[in-house]
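Given next are the chains, with one letter for each unit.
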Amino acid sequence: MATTTTATATATAAIKTVFSTSTIEWAMWANEHVLLTGYVLGIFSILTIIFHFPLWQIAIYGLLLALFIIIIEYPRSGRIVKKSKARPLQKYPSLLLTKLGPLTRNYFIRFVVYILLSLPCLFLISTIAPAISLIIGAGAYGLAALFQEQWIPVEPKTTDNTVPMPTRPPPREPLYRAPSNA
Amino acid sequence: MSLQSIRLWFRLFIVNDLATILFLFIWIVTNIILFIAQFFNYHQSRSFFYLRALISDGVSVARASALCLNFNCLLILLPVCRNLLSLIRYLLPHCIIESRFRRFTIRLFDQHVEFHRCVGYAICFWSFVHVSAHIYNYESLIDVHNEYGTLAAVLNLLYLKSSDSQINPFDKINSNTLGVGAMFGTTAGITGIILCVCLLIILSSSTMLIRRSFYEIFWYTHHLFIVFFVCLMLHGLQGIVKSQINLQEHNPDICASLYREWGTNEQCRIYPRFAGSKPASWIWLCVPLCLYILERILRFIRSLQQVKIVNVIRHKSNVIEIHFNKKSMTTPQPGQYIYLKCFSLAKFEWHPFTVTSAAEENYVSVHIRTIGNWTKELAKNLEKYPEDIPRISIDGPYGSPADDVFNYDGVILIGAGIGVTPYAAILKHIRSSQADHLRLRRVYFYWMCNTTACYEWFAEMLQELERELRDRINFLTYKIYLTQWSMSEARAIIENNTDTCDIWTGLQAKTHYGRPNFDVDFQSIIDEDWKIKDKRDIGVFVCGPKPLVKQLQRLCIKMNGDSISKNKVHFYLNKENF
């Protein structure tokens with residue numbers, strides 16, 4: 001246990017020397033990257049199924065994996081410093097992800113699961129490039145897990161009802177007086 | 001929508017965006033023409049007849065999209081060579097005399113990052129087409145080994161008959177070979193996968209979220225383009241796509257149907273011979289790569305120069321002003337910006353700031369608002385001035401100089417918040433060079449701000465200007481607007497109502513409260529008598545949020561349309577995004 005903590009400490013220190021002036025959340029980039037990989041994997045799997053290349057059955061698995069990735073990755077996580085902008089129609093998959101609790105909150109699980117799930121796609125020419133980029137995205141999630149980041153659901157914007165509407169208009173110059181020069 | 005508003009929208013579109021739209025249109029049409037021309041070249045070419053017999057039109061689509069990819073990869077490096085663009089901007093007034101055309105083309109150069117992004121999207125699209133076509137080609141070339149007794153089967157085994165008649169690159173295929181394994185045997189396959197993965201990483205880290213909030217990820221992963229370009233030049237090295245070179249001896253039109261009799265029939269005695277095509281990407285990429293390498297070397301040399309900090313002034317509302325000694329760079333014109341790098345904070349980051357000093361002063365000043373991590377750390381490091389200054393490098397100046405102000409009879413400058421920084425330099429420039437440019441008669445300056453604290457650093461300069469221009473009546477009219485206030489501030493305003501000087505800025509002209517009413521102001525400018533007979537050209541310069549720019553666009557076009565016959569006043573809107 002001591003060796004792993006020193007390993008994580010040195011890795012953290014190494015990354016912090018290069019990216020020293022800001023708080024980087026690796027999970028945000030990992031999320032964008034894996035979502036893009038999901039789209040690309042889906043498109044190439046569909047092409048493979050249409051053209052019936054050899055071993056196209058792997059492409060069916062690739063399509064299902066792409067759908068799984070898109071559903072898991074579509075909700076954007078909330079951020080620590082600022083409020084993150086939710087993607088359109090994010091709240092439906094976000095409900096599912098909050099129900100699953102620690103399975104989706106913890107990024108280390110995503111790291112392991114994505115690497116294992118991407119291995120069958122390495123055997124088809126049309127899906128090998130998305131599979132490699134999925135492994136890289138999983139590596140980014142591993143980095144995020146190293147920094148102990150978590151997935152936080154984004155709350156929808158609530159309109160503030162506590163401040164009453166003003167009853168008088170703000171002061172303005174009257175419209176028909178010509179403005180004076182300096 | 002009424003007809004009037006449709007016409008208004010259309011004229012807005014033409015006046016402000018026509019140059020950009022035309023340029024983009026020419027670029028898209030070039031892409032489409034290249035694709036179609038190359039596609040039909042391969043589709044009808046006789047030297048690729050036998051290759052098309054194996055993989056049909058997959059080779060045409062792949063080659064055509066490769067040509068478009070070469071073209072776009074040439075274009076993508078050019079808009080990011082800052083020094084090259086500055087050179088062109090400098091030379092442009094000498095080539096184009098008519099100022100309206102010059103204004104159009106200069107605005108094109110200001111949008112070079114957007115063009116870079118468009119070319120990036122085009123590269124992604126053509127890559128998708130190219131990769132799909134080549135996946136189809138690879139799978140077909142492997143699949144074709146299962147055929148027996150057709151032209152394709154004869155072509156597959158032709159390498160056994162004569163040594164340079166191999167057309168199918170996969171010759172040692174049996175039924176157990178995995179497609180991916182065969183692909184890894186080719187240079188194009190390995191470099192292709194590396195190219196795909198690099199492109200995906202670059203694309204995913206260039207989204208707006210990553211650029212705005214985690215700029216370092218964007219900057220460092222974007223440098224994967226080096227790997228991308230190296231792999232692109234190596235991509236065609238093996239010459240897998242083969243064309244026939246002995247068309248006179250072996251005519252495919254006649255001999256293709258006689259494939260069973262090759263070698264025996266006297267028309268087709270000689271076997272077809274094939275040779276791979278040479279890689280061509282490096283020819284397209286040489287020149288832009290050289291220009292870009294020169295650009296980076298120039299930036300690096302500039303960053304090594306010593307820059308002396310002459311003065312550091314801390315204002316309220318988190319603004320610091322730094323004065324530099326300007327002996328190591330060309331004098332920045334008003335409206336230009338420079339890049340700063342601080343070695344002790346981040347070794348590789350350059351941050352842009354607008355120059356606020358005029359060209360005549362003996363120092364270069366920038367006003368920096370400390371809201372981000374880097375600026376806050378910089379402010380903390382500069383607290384101990386004059387001892388212990390961190391080492392700073394300057395790169396610049398870049399951007400379009402705003403010397404367009406002297407081409408108009410009157411100028412309206414509108415700035416919102418920190419967007420007023422370029423106008424600081426412009427106003428100082430106007431003050432010091434008013435004797436040379438007699439055409440400019442009136443300057444109207446609007447500054448909108450939502451807190452009182454940001455008046456401080458600019459107010460001193462405005463007070464100086466007020467004093468100096470007191471004898472030139474009506475030359476400079478400035479109006480300052482405060483758009484938000486608290487109750488205590490409102491009470492102070494009411495108590496102060498009868499004083500001669502304004503309580504926030506100390507100027508003669510009192511601060512107005514709320515937003516400006518541009519319709520009334522523009523109308524009064526038209527009605528004002530300037531004592532000249534010709535048509536007056538008034539330039540409107542805006543630096544602020546998009547709704548403000550849209551409102552002013554509509555107003556300018558409406559005023560131009562209304563008063564075209566009356567006073568002959570013409571408003572020209574310049575959208576500056578400093």
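Residues numbered from 1 in each chain as written. Chains lettered and ligands numbered in written order. Predicted model: local features only at pLDDT ≥ 70, side-chain atom pairs only at ≥ 80, totals over all residues. Heavy atoms only, no water.

**Considering the overall build of chain A**
Within chain A one finds seven helices and zero strands. Across chain A, helices and strands are ordered from the amino to the carboxyl terminus as α-α-α-α-α-α-α. For chain A, with 182 residues in total, the buried portion stands at 41%. For chain A, contacts bridging at least 24 residues in sequence account for 74% of all contacts bridging at least 6. Split by element, the accessible area of chain A, about 10700 Å² in all, is 72% carbon and sulfur. (Helix = DSSP H or I, 4+ residues; strand = E, 2+ residues; numbered from the N terminus. Buried < 20%, exposed > 50% of the residue type's maximum accessible area, 1.4 Å probe, protein only. Contact = heavy atoms within 4.5 Å. Areas by Shrake-Rupley, 256 points an atom, 1.4 Å probe, with all protein chains shown as cover.)

**Let's talk about the environment of proline 170 of chain A**
Residue and element names in this part refer to chain A. Mapped onto the elements of the fold, proline 170 is located in the segment after helix 7 (128-146). Looking at proline 170, the relative accessible area reads 48%, which means it is partly exposed. Residues proline 170 and glycine 101 lie 69 residues apart in sequence; the distance between their C-alpha atoms is 49 Å.

**Side note on the pattern of salt bridges**
Using the criterion set out here, one finds nine salt bridges over all chains in the structure. Taking the shortest distance from any N to any O, the salt bridge between aspartate 253 of chain B and arginine 46 of chain B comes out at 3.3 Å. In this pair, aspartate 253 of chain B sits in helix 13 (residues 252-255) while arginine 46 of chain B sits in the loop between helix 1 (3-44) and helix 2 (49-55), placing the two residues 207 residues apart along the sequence. According to the relative accessible area criterion, aspartate 253 of chain B is partly exposed, its value standing at 48%. Arginine 299 of chain B is the partner of glutamate 295 of chain B in a salt bridge, and the nearest nitrogen-oxygen pair spans 2.9 Å. Here the residue glutamate 295 of chain B and the residue arginine 299 of chain B both occupy positions in helix 14 (residues 281-304), the gap between them amounting to four residues, near one helical turn. The same class applies to glutamate 295 of chain B and to arginine 299 of chain B, which are both buried. Three or more residues are tied together by salt bridges with common partners; here these are Glu32, Arg76 and Arg87 of chain A. (Salt bridge = Lys/Arg side-chain N within 4 Å of Asp/Glu carboxyl O.)

**So, the sheet that holds strand 8 (residues 392-398) of chain B**
All names here are of chain B. Strand order in the open sheet made by the three strands is 6-5-8, with antiparallel pairing throughout. In the strand order of this sheet, the two ends are held by strand 6 (351-354) and strand 8, each with one partner. For this sheet, the mean angle separating the axes of adjacent strands, direction not counted, is 30°. Helix-sheet contacts for helix 15 (residues 373-381) involve strand 5 (337-342), strand 6 and strand 8, and the interaxial angle to strand 5 is about 70°. (Pairing = 2+ DSSP bridges. Axes fitted to C-alpha atoms, helices over the stretch in contact; angles between N-to-C directions.)

**Quick look at the nonpolar core**
The nonpolar side chains of a soluble globular protein tend to be buried, and buried together. One finds Tyr114 of chain A together with Tyr50, Leu54, Leu155 and Trp262 of chain B to be the most contacted residues of the largest nonpolar core, which totals 71 residues. The biggest single contributor to this core is helix 2 (residues 26-51) of chain A, with 10 residues. Not counting residues within four places of it along the chain, the set of residues in contact with tyrosine 114 of chain A comprises Val34, Ile69, Ile72, Glu73, Leu134, Ala138 and Tyr141 of chain A. Membership of the second largest hydrophobic core comes to 33 residues, among which are Val405, Tyr408, Trp447 and Tyr455 of chain B. (Core = buried A, V, L, I, M, F, W, Y, C linked by side-chain atoms within 4.5 Å.)

**Some points on the confidence of the model for chain B**
Residues and elements named next belong to chain B. Averaged over all residues, the pLDDT of chain B equals 82, while 92% of them reach at least 70. In the model of chain B, helix 5 (residues 99-110) stands out as the element of lowest mean pLDDT, 72, in contrast to helix 3 (residues 58-77), which has the highest, 94. Predicted complex, confidence summary: ipTM 0.80, pTM 0.82. (pLDDT = per-residue confidence, 0-100.)

**Focus: the interface of chain B and chain A**
On the side of chain A, 43 residues touch chain B, which itself brings 47 residues to the contact. Both faces considered, chain B and chain A share a buried interface measuring about 3900 Å² in area, 74% of it formed by carbon and sulfur atoms. Of all residues in chain B, Glu139, Leu200 and Phe214 of chain B give up the largest surface area on contact with chain A, accounting jointly for 15% of the area buried on that side. The interface formed by chain B and chain A holds zero salt bridges in total. Counting the contacts that link chain B with chain A gives three residue pairs in polar contact (both at pLDDT 80 or more). When its residues are assigned to classes, the side of chain B that touches chain A shows 29 nonpolar, 12 polar and six charged. (Buried area = accessible area lost by both parts, 1.4 Å probe. Polar contact = N/O pair within 3.5 Å; in protein donor to acceptor, adjacent residues only side chain to side chain. Nonpolar A, V, L, I, M, F, W, Y, C, P; charged D, E, K, R; others polar.)

**Here we look at the pairing of strand 13 (residues 536-543) of chain B**
Residue and element names in this part refer to chain B. Of all eight residues in strand 13, eight are buried; the element is thus mostly enclosed. The side-chain alternation of strand 13 yields two buried faces, one formed by Arg536, Ile538, Val540 and Val542 and the other by Asp537, Gly539, Phe541 and Cys543. Sheet analysis places strand 9 (residues 410-416) next to strand 13, joined by six bridges and oriented parallel. The residue of strand 13 that forms the bridge with isoleucine 412 is valine 540.

**Describing the side chain of arginine 76 of chain A**
Relative to the elements of secondary structure, arginine 76 of chain A occurs in the loop between helix 3 (57-73) and helix 4 (91-100). A polar side-chain atom of arginine 76 of chain A sits 3.3 Å from a polar atom in the side chain of glutamate 32 of chain A. Apart from the residues lying within four places of it in its own chain, the contact partners of arginine 76 of chain A are Met28, Glu32, Lys85, Arg87, Gln90, Trp151, Ile152 and Val154 of chain A together with Leu209 of chain B.

**With respect to the sheet that holds strand 4 (residues 319-325) of chain B**
Residue and element names in this part refer to chain B. Spatially, 3-4-7 is the arrangement adopted by the three strands of the open sheet, whose pairing is antiparallel. One side of each edge strand has no neighbouring strand; the edge strands of this open sheet are strand 3 (309-315) and strand 7 (363-369). Strand-to-strand twist across the sheet, computed as the mean angle between neighbouring axes with direction ignored, equals 15°. Bridge count between strand 3 and strand 4: six bridges; the pairing is antiparallel. Residue pairing in the sheet places asparagine 311 in a bridge with histidine 323 of strand 4. Strand contacts of helix 15: strand 3, strand 4 and strand 7, with the helix running at about 120° to strand 7, the strand carrying the most contacts.

**Considering the packing of aromatic side chains**
A complete count under the given rule lists 30 aromatic pairs over all chains for this structure. Note on phenylalanine 51 of chain A and phenylalanine 53 of chain A: the rings are 5.7 Å apart at their centroids and 15° apart in plane angle, and the pair reads as stacked. Classification of phenylalanine 51 of chain A as partly exposed rests on a relative accessible area of 45%. Here phenylalanine 53 of chain A falls in the buried class, since its relative accessible area comes to 8%. Here the aromatic rings of tyrosine 446 of chain B and tyrosine 481 of chain B are separated by 6.1 Å at their centres, their planes lie at 10°, and the arrangement is stacked. In this pair, tyrosine 446 of chain B sits in strand 10 (residues 442-449) while tyrosine 481 of chain B sits in strand 11 (residues 476-482), placing the two residues 35 residues apart along the sequence. Neither residue differs from the other here; tyrosine 446 of chain B and tyrosine 481 of chain B are each classed as buried. Grouped by ring-pair contacts, the aromatic residues Phe35, Phe39, Phe40, Phe125 and Trp126 of chain B constitute a single cluster. (Phe/Tyr/Trp six-rings, centres within 6.5 Å; stacked < 30°, edge-to-face > 60°.)

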